[in-house]
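Here is what each chain is made of, one letter per residue.
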Amino acid sequence: MNNKMFAETMLIEQEPEQVGDYLYKLTQNYLADIRDSWEDFMFDKLYELYKKEGFTKVLMISKKDFKKFLLWAIPKYKEIMEDELKKQGE
């Protein structure tokens, strides 16, 4: 998971609950977990904890990498918008 991404989604398989002879129910429970860096995520332990708690999807965000992304993306966005304004003014 230690890559240039600032967020990663962990899918957790849960057993469907049987509510009748032929009917099953699978409830989707989502969670966002934010840590300072990827090193703070202990994926195997967290997977077991999230599974025990009934979560099916967890969005994991690294603050450190998100900050790096924003420091890159915001100036790029500003540059693109300035170019668009120049094009509109021509």
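Residues numbered from 1 in each chain as written. Predicted model: local features only at pLDDT ≥ 70, side-chain atom pairs only at ≥ 80, totals over all residues. Heavy atoms only, no water.

Novice: Could you clarify how one ought to interpret the overall build of the protein chain in this entry?
Specialist: Along its length, the protein chain carries two helices and five strands. Along the protein chain, helices (α) and strands (β) appear in the sequence β-β-β-β-α-β-α when read from the amino end. For the protein chain, the C-alpha radius of gyration of 20 Å lies well beyond 12 Å, the compact-globule estimate for 90 residues. Taking the principal axes of the C-alpha coordinates as reference, the protein chain spans close to 70 × 35 × 15 Å. (Helix = DSSP H or I, 4+ residues; strand = E, 2+ residues; numbered from the N terminus. Rg over C-alpha atoms; globule rule 2.2 N^0.38 Å.)

Novice: What is the right way to look at a nonpolar patch on the surface in this model?
Specialist: A cluster of nonpolar side chains, F66, F69, L70, W72 and I74, forms an exposed patch at the surface whose accessible area comes to about 480 Å². Assignment of secondary structure puts W72 in helix α2 (residues 63-89). For W72, a relative accessible area of 52% corresponds to the exposed category. (Patch = residues over 30% accessible without salt bridge, like charges linked within 9 Å, V, L, I, M, F, W, Y side chains within 5 Å. Areas by Shrake-Rupley, 256 points an atom, 1.4 Å probe, with all protein chains shown as cover. Salt bridge = Lys/Arg side-chain N within 4 Å of Asp/Glu carboxyl O. Buried < 20%, exposed > 50% of the residue type's maximum accessible area, 1.4 Å probe, protein only.)

Novice: Looking at this structure, I do not really get the sheet that holds strand β4 (residues 30-35). What am I missing?
Specialist: The strands making up a sheet associate through backbone hydrogen bonding, with each pair oriented either parallel or antiparallel. If you walk across this open sheet you meet the three strands as β1-β5-β4, and the pairing is mixed. With one partner strand each, in any of the chains shown, β1 (7-11) and β4 form the two edges of the open sheet. The mean inter-strand angle of the sheet, taken between neighbouring strand axes irrespective of direction, is 20°. The pairing of β4 with strand β5 (residues 57-62) spans six bridges and is parallel. From the neighbouring strand, R35 faces β5, where its bridge partner is S62. Packed on one face of the sheet, helix α1 (residues 43-53) meets β1, β4 and β5 and runs near 150° to β4. (Pairing = 2+ DSSP bridges. Axes fitted to C-alpha atoms, helices over the stretch in contact; angles between N-to-C directions. Contact = heavy atoms within 4.5 Å.)

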